[in-house]
Amino acid sequence: MTELGPVAWPPAPIRTERLVLRASEARDRPAFVELLTSPEVNTYLGGARPREDVEGELPAVPEQWPGSFVVELDGGMIGQVLLRRHDRHRPAAVGKVDLGYLFLPRAWGSGYAAEACKAALDWVDDALGEPVVLATQTANVASMRLAARLGFAEVERFRAWDADQWLGLRPAASQLVKNS
Ligand SMILES: CC(C)(COP(=O)(O)OP(=O)(O)OC[C@H]1O[C@@H](n2cnc3c(N)ncnc32)[C@H](O)[C@@H]1OP(=O)(O)O)[C@@H](O)C(=O)NCCC(=O)NCCS
């Protein structure tokens, strides 16, 4: 994993219609523990981790790095949106900004992930002006639907980690304008 690039971090909190995206704080730790230990959240992410391990290893302020947005609803964390740059990935994805997302099951089915990811992608457009890639298991139907809703188009399908994977790409907003 490499640095995201020349971005100001932490950013001013980003407000959407229903949510706030911001850098991680100590009060988010219980929600991070829940995310990492939930079998539902981790079905397509290699499986949940034992609570004891996570409680022991997680820093006081978890996941505090440029590109890691906590998503807050009514003052509490409901998920995380991750923007990272991979140095080891599929050739089409190496060096590109990669979007990831994890939401607590109680927050599924309300459009929160789409709303938060859209705001994070707008932030990438403003801060970096680059295309974004996204990889997900094809069996992860909710994630595949979200990728399509966010405007990611298929680059390739491939096999990795014992599962069928999908790689999508969303052009930078400036490229969309140029190509239209
Ligand atoms: C992937 C994940 C974020 C998708 O969550 P999600 O709840 O399906 O996505 P959204 O929050 O965008 O909600 C979309 C759903 O809410 C519905 N919805 C309800 N009210 C809505 C509203 N006001 N606005 C928009 N959509 C709304 C939509 O119709 C849609 O339902 P559908 O998929 O049945 O059509 C979630 O399943 C998750 O966290 N999974 C575990 C982590 C994971 O696998 N991440 C992928 C890593 S690659």
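Analysis parameters
- Residues numbered from 1 in each chain as written.
- Predicted model: local features only at pLDDT ≥ 70, side-chain atom pairs only at ≥ 80, totals over all residues.
- Near = placed C-beta within 6 Å.
- Helix = DSSP H or I, 4+ residues; strand = E, 2+ residues; numbered from the N terminus.
- Nonpolar A, V, L, I, M, F, W, Y, C, P; charged D, E, K, R; others polar.
- Core = buried A, V, L, I, M, F, W, Y, C linked by C-beta atoms within 7 Å.
- Buried ≥ 20, exposed ≤ 12 C-beta atoms within 10 Å, placed from the backbone.
- Contact = placed C-beta atoms within 7 Å.
- UniProt positions renumbered as here; feature names shortened; annotations may be inferred.
- Pairing = 2+ DSSP bridges.

In the vicinity of the ligand lie 20 residues, with Trp108, Gly111, Ala113, Ala114 and Ala142 positioned nearest. Of all the elements in the fold, those that place two or more residues in the shell around the ligand are strand 5 (97–103), helix 3 (112–127) and helix 4 (141–149). A per-class count over the shell around the ligand returns 12 nonpolar, seven polar and one charged.

Take the nonpolar core next. Val71, Val81, Ala116, Cys117 and Ala120 are the most contacted members of the largest nonpolar core, which has 36 residues in total. Looking at this core element by element, the count peaks at seven residues for helix 3. Excluding anything up to four places from it in sequence, Ala116 contacts Thr16, Leu19, Leu21, Val71, Gly79 and Val81.

Following the UniProt record, one finds the feature "domain: N-acetyltransferase" (unreviewed entry) at residues 19–173. Secondary structure content for residues 19–173 is 27% helix and 32% strand, and the end C-alpha separation is 22 Å.

Further remarks concern the pairing of strand 4 (residues 76–85). In terms of burial, strand 4 is a largely internal element, seven of the 10 residues being buried. As paired strands, strand 3 (residues 68–73) and strand 4 are joined by six bridges and run antiparallel to one another. When the bridges of strand 4 are listed, Ser68 appears paired with Leu82. The antiparallel pairing of strand 3 with strand 4 creates a hairpin that spans two residues between the two strands, and Asp74 there sits at a positive phi of about 50°.

So, about the environment of Gly67. Structurally, Gly67 is set in the loop between helix 2 (51–57) and strand 3. Judged by C-beta crowding, with 25 C-beta atoms within 10 Å, Gly67 ranks as buried. Between the C-alpha atoms of Gly67 and Val97, which are 30 residues apart in sequence, the distance is 9.6 Å.

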